[in-house]
Amino acid sequence: MENDISDFTPFGARSRAELQKYRQFFNNHGEPKAIYAFITSKVGDNMLGISQLNDTVHVLDKISRDFYLKTSDGPKNFEEYCSGFCLLNEPVRHFYSGMLISGQHGTDFSHLDLGYPVTTVLGTKLYMDPNFFGVKVATENNKIESKQEPNNIREVSLVVLQLRSELGDEVKAEDLRNYEHQILDYIHDEYKSDHINVYILTDSYITEEIVRAGLTLLPFLVIGFTIMAVFSSITFVVSAYYLQQLNIYKVVLAVMACVCPFMACGASLGAMFFSGFRFGSILCVTPFLVLAIGVDDSYLMVNAWQRITCHRRKNGRFESVNVELKHRITEMFIETGPSITITTITNVLAFGVGATTPAAEIQLFSIGNALAVTADFIFTITFYGALMAVVGKYEIAQELKNMKTLPGAETPSDTSSTGSVTSSEPEDCKFRRIIAKICDFLTNTWVCSVVLGLLAVYWYICIVGTVNIKSELSPNKLFLAESNIVEIFKQRKTHIIPYYSACWVLVENPGDINDPSQRGKLEDLIQSFESLPSANGRYSTKFWLRDYEDFLKQSEDIDLPIEEEDEELAIEFSVNGSQVVTPSQPFGQGNELRQFLEWPEFSFWKGFIQINESTYQMSKFLVTTAYHGSELVDWSNRAKLLNEWRAVADQEKYRSLNVTVYEEDAKFLDLIETMSPVAIQSALWTFASMFVVAALFISHPPTLFVATFSILSTSLGVFGIMSWWGADLDPIMMSATVMSIGFSVDIPSHVSYHFYQTAKETTDIRRRLQMTIEAVGFPIFEASLSTSLCVMSLFFVDLNMAQIFAKCMLLVVVIGMIHGMLVMPVIFALLDTVPRKLTAKSRKQHLASTVTVVTVVT
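Below is a summary of the structure that appears in this document. (Residues numbered from 1 in each chain as written. Predicted model: local features only at pLDDT ≥ 70, side-chain atom pairs only at ≥ 80, totals over all residues. Heavy atoms only, no water.)

Below, the discussion takes up the packing of aromatic side chains. Here the structure, examined in full by the defined rule, presents 30 aromatic pairs. Judged by centre distance (6.3 Å) and plane angle (80 degrees), the ring pair of F543 and W544 falls under edge-to-face. Exposure class is identical for F543 and W544. Each is buried. Members of the aromatic cluster, joined through ring pairs, are F543, W544, Y548, F551, F596, W599 and F621. Against the face of W635 rests R638, its NZ or CZ located 4.6 Å from the ring centre. Positioned over the ring face of F755 is R768, at 4.0 Å from the centre of the ring. (Phe/Tyr/Trp six-rings, centres within 6.5 Å; stacked < 30°, edge-to-face > 60°. Buried < 20%, exposed > 50% of the residue type's maximum accessible area, 1.4 Å probe, protein only. Lys NZ or Arg CZ within 6 Å of the ring centre and 35° of its normal.)

See the structure below:
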């Protein structure tokens, strides 16, 4: 089971190229990996306490030193295998030391300033903004000044530790997962603290939580199957009892109607995985969907069989079981086959259109559903049809055994192609009288007017909701509410994103850094990023060149002894900053960069710089800077900020530098802009496909119009009501959109096809509607109610993905049934009045013209 959260990113998205360049930057050192520790206080919200920071440093030491990663060179802890970013957490350690010193010597200690964003401990400047979040500082006269007040920090809500390093081929992926699991298991199961909460975030943990969230649906699938099997058994027994066809095998048919969709899912998904497709948690929804679609076809087949059997018993005699069985099976497939085929083809086409979307996860979902629906169609007409033949043979044998032939009985006669009762059949059945009254009610002029008025209000509400649906993204929706990752995202949204949204700037062609004009160009580039409206400013930027410029100035200020001026000299800095003059290469010929990176205070810049080992010239470098804004909690606004960064990088004056920006969440942010156009495009192509398929089976334009209108109206209702229900247009909603469009075809297709077929029997609109409702009314009600009961179980899963699909399926069923049983009959009735009125009008005109002619002649 593999999940990659980036699979929601569209193919061809710019973020994919940016991620590739970011990874290539670390090729010399290996793939960049990070373990994050999010730490909050158990006592209040302030981490600015000796106990809280003591436990934080203890966690840092524990993770860094006591857990070992298996490498080709033997087990190594973080301090042993880390390379360029080993010192990212040192500000936290030094800040804690500063607090201990402050407690012992007072806050006026000359070399101590516990401030934010810059803390000074023993003369060393430390930038706290990458580690401290939710910070409150004291200002003079409650005014924020450009100058930082000494010891201004008052509150810290969140401390983040980053164990970031680059791992090469010497570390296997499985060994890395085991290493991360050691840390996760220790923090979750063993670590105890009275002062802090610790949450660990790693790539493997994210994947496992997505899988775990998806697999929580499976127990509810058993519940849904049980509900549908029980419901199907009850309805099959009731309908068979009413039609005097009850036997124990009706329960077998009911249960197997629910088994076929599972067989289809097993065959299709198993074949996919065997062919190399990966498992995605979103595929856990597929059995629910196929179960809902599949039982609908089985209900239609069983209902048609029972009506045909009822008609044959009343109007025909038969001598051979096999001949009669063949006749009834044939009539059953004649009636139900085309409508089942229409819904299957349109569903497959809907998911086929979804498979063309640029997001891998949605493609996987669409392909899985398309194959499962196809397999279910095959199993329904073969396996389930064969089972019906076995049961039907038993029923017919019992009929033949119990039948008493009357002297004047009619000879066997064929049923209509719709399996409905012909005009010669008695109309005294109570059930038919009820349906006839319902049809009279639906064709009433006032009722039609009220329904159209309500339909207009419904369309207005749905259009407003659809237009206002917001393209937004929340990755935490992929996880269970109980997951620690949800808490991490909450802390991140509250304390990090609005104040420190980091941007990585990659410069792949920095040029000759010994040239002052080139260094000025690089400085101008970074200042352009720092000048954006939401930028935190210069203090949040980690730019090696500024320290390098200071290093060069310090080097120029050093007075070398006169007697040594003719020698080749270089400057080497010790840990405490003292100067030691040693013979080396001539200063000013590229050796400055080597000396800069060898100075302990600047050695951490090695993680941000790529050096050509042979010439020791710079080939690439990274810069980080940060941005703020309360509006950044919305991912759509973060997408706009990302585009601002890209606009700076794409400026013509920086083109020679080959600048790329990288944002860890860009893979999601790029999806936001594509969701609306992709959803609209998919919807249009799906509707076009459905129209073409329906036209192949229904050649009557008015009937085809009503079917298409109902599909469009149902889909629009799902989108609009989901918007009012609080749903955003995200990848899950896009997947549900594809599903909804496909699923909305079922009921309108069944109703319109059967109504179209009734034209062969009669032209009376009430009679046609009655025949249609008799054919599909009960199966539609049966399928709608069973599907609703099945998906209701998903509401008990505390998972957003499950609830989104459950809501969509419930809306499709309810809105589709209302359209199929109310809106479509009303529109059919209204369309029927048009030709009659036109005919009546032309007849009056003809009579009037005749009278006029007669008058003239007289």
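Let us keep going from here.
Per the counting criterion, the structure on display carries 32 salt bridges. The partner of E399 in a salt bridge is R313, and the shortest N-O contact between them spans 3.1 Å. Of this pair, E399 sits in helix α11 (residues 360-402) while R313 sits in helix α9 (residues 286-315); the two residues are 86 residues apart in sequence, bridging distant segments of the chain. In this structure, E523 and R546 form a salt bridge, with 2.9 Å as the shortest nitrogen-oxygen distance. Here E523 is found in helix α15 (residues 516-530), whereas its partner R546 is found in helix α16 (residues 544-556), with 23 residues between them in sequence. For E523, a relative accessible area of 17% puts it in the buried group. (Salt bridge = Lys/Arg side-chain N within 4 Å of Asp/Glu carboxyl O. Helix = DSSP H or I, 4+ residues; strand = E, 2+ residues; numbered from the N terminus.)

On to the packing of helix α10 (residues 321-354) against α11, then. One way to put it is that α10 packs onto α11 with a least axis distance of 10 Å and a crossing angle of 170 degrees. The angle between α10 and α11 falls in the class roughly antiparallel. (Axes fitted to C-alpha atoms, helices over the stretch in contact; angles between N-to-C directions. Parallel < 35°, antiparallel > 145°, perpendicular 65-115°, else oblique.)

Turning next to the sheet that holds strand β3 (residues 118-121). One open sheet accounts for three strands, arranged β2-β3-β4; its pairing is antiparallel. Whereas interior strands pair on both sides, the edge strands pair on one side only; in this sheet they are β2 (112-113) and β4 (124-127). Where β2 lies against β3, two bridges are found, and the strand directions are antiparallel. Paired with L112 across the bridge in β3 is V121. (Pairing = 2+ DSSP bridges.)

Before going further, it helps to spend a moment on the state of the cysteines. In a disulfide, the sulfur atoms of two cysteines are covalently bonded to one another. Enumeration over the complete set of coordinates arrives at one disulfide. Each sulfur of the disulfide joining C82 and C86 lies 2.1 Å from the other. Handedness of the C82-C86 disulfide follows from its S-S torsion of about 120 degrees: it is right-handed. C82 sits in the buried class, given a relative accessible area of 12%. On the accessibility criterion, C86 (24% relative accessible area) is partly exposed. (Disulfide = S-S within 2.5 Å.)

A few words now on α15. Between the first and last C-alpha of α15 there are 21 Å, a value that for 15 residues agrees with the 21 Å anticipated at 1.5 Å per step. Where α15 is concerned, the buried positions are Q518, R519, L522, E523, L525, I526, S528, F529 and E530. (Expected span 1.5 Å × (residues − 1).)

Moving on: unusual backbone geometry. In this model, Y116 is joined to P117 through a cis peptide bond whose omega is 10 degrees. As for its placement among the helices and strands, P117 is situated in the loop between β2 and β3. A positive phi is found at Q244, a non-glycine position, where the angle reads about 60 degrees. Tracing the backbone shows Q244 in the loop between α7 (217-242) and α8 (249-275). A positive phi angle is found at N658, which is not glycine, with a value near 55 degrees. With respect to the helices, strands and loops of the structure, N658 is situated in the loop between α18 (635-649) and β15 (659-662). Judged by relative accessible area, which is 33%, N658 ranks as partly exposed.

Take the nonpolar core next. Counting residues in hydrophobic clusters, the biggest one holds 226 residues, and the most contacted among them are Y384 and W544. Residue contributions to this core peak at 17 residues, all from helix α24 (residues 800-857). Dropping the residues within four chain positions of it, Y384 is found in contact with F236, L253, M256, A257, C260, S298, M301, V302 and F379. (Core = buried A, V, L, I, M, F, W, Y, C linked by side-chain atoms within 4.5 Å. Contact = heavy atoms within 4.5 Å.)

The axes of two packed helices give the description: the angle between them and the distance between them. Contact geometry for helix α20 (residues 701-724) and helix α21 (residues 731-743): axes closest at 9 Å, N-to-C directions at 155 degrees. Between α20 and α21, the interaxial angle falls into the category roughly antiparallel. α20 and α21 meet at a crossing whose hand is right-handed. Contacts between α20 and α21 involve S715, V718, F719 and M722 from the first element and M733, T737, S740 and I741 from the second. Per-class residue counts for the contact of α20 with α21 are five nonpolar, three polar and no charged. (Left-handed = near helix turned anticlockwise from the far one by under 90°. Nonpolar A, V, L, I, M, F, W, Y, C, P; charged D, E, K, R; others polar.)

Here we come to helix α22 (residues 746-758). Between its first and last C-alpha atoms α22 spans 19 Å; for 13 residues at 1.5 Å apiece the expected length is 18 Å, and the two agree. Burial analysis of α22 places 12 of its 13 residues in the buried class, which makes it a mostly covered element. Among the residues making up α22, those that are buried are D746, I747, P748, S749, H750, V751, S752, Y753, H754, F755, Q757 and T758.

Right, let's talk about the side chain of Q162 for a bit. Mapped onto the secondary structure, Q162 falls in strand β8 (residues 158-167). For Q162, a relative accessible area of 17% translates into the label buried. For Q162, the side chain forms a polar contact with the side chain of R164, separated by 3.4 Å. Non-local contacts of Q162, meaning those with residues more than four positions away in its chain, are made with I35, Y36, L88, N89 and P130. (Polar contact = N/O pair within 3.5 Å; in protein donor to acceptor, adjacent residues only side chain to side chain.)

Turning next to the sheet that holds strand β14 (residues 618-627). Spatially, four strands are ordered β13-β14-β10-β15 in an open sheet, and the strand pairing comes out antiparallel. The open sheet has two free edges, formed respectively by β13 (609-611) and β15, since each of these has just one partner strand. Each adjacent strand pair in this sheet contributes to an overall mean axis angle of 15 degrees, direction not counted. Alignment of strand β10 (residues 501-507) against β15, held across four bridges, turns out to be antiparallel. Bridge pairing in β15 links V505 to V661. Here helix α1 (residues 14-25) sits on the sheet and contacts β10, β13, β14 and β15; the angle it forms with β15, its principal contact strand, is near 100 degrees.

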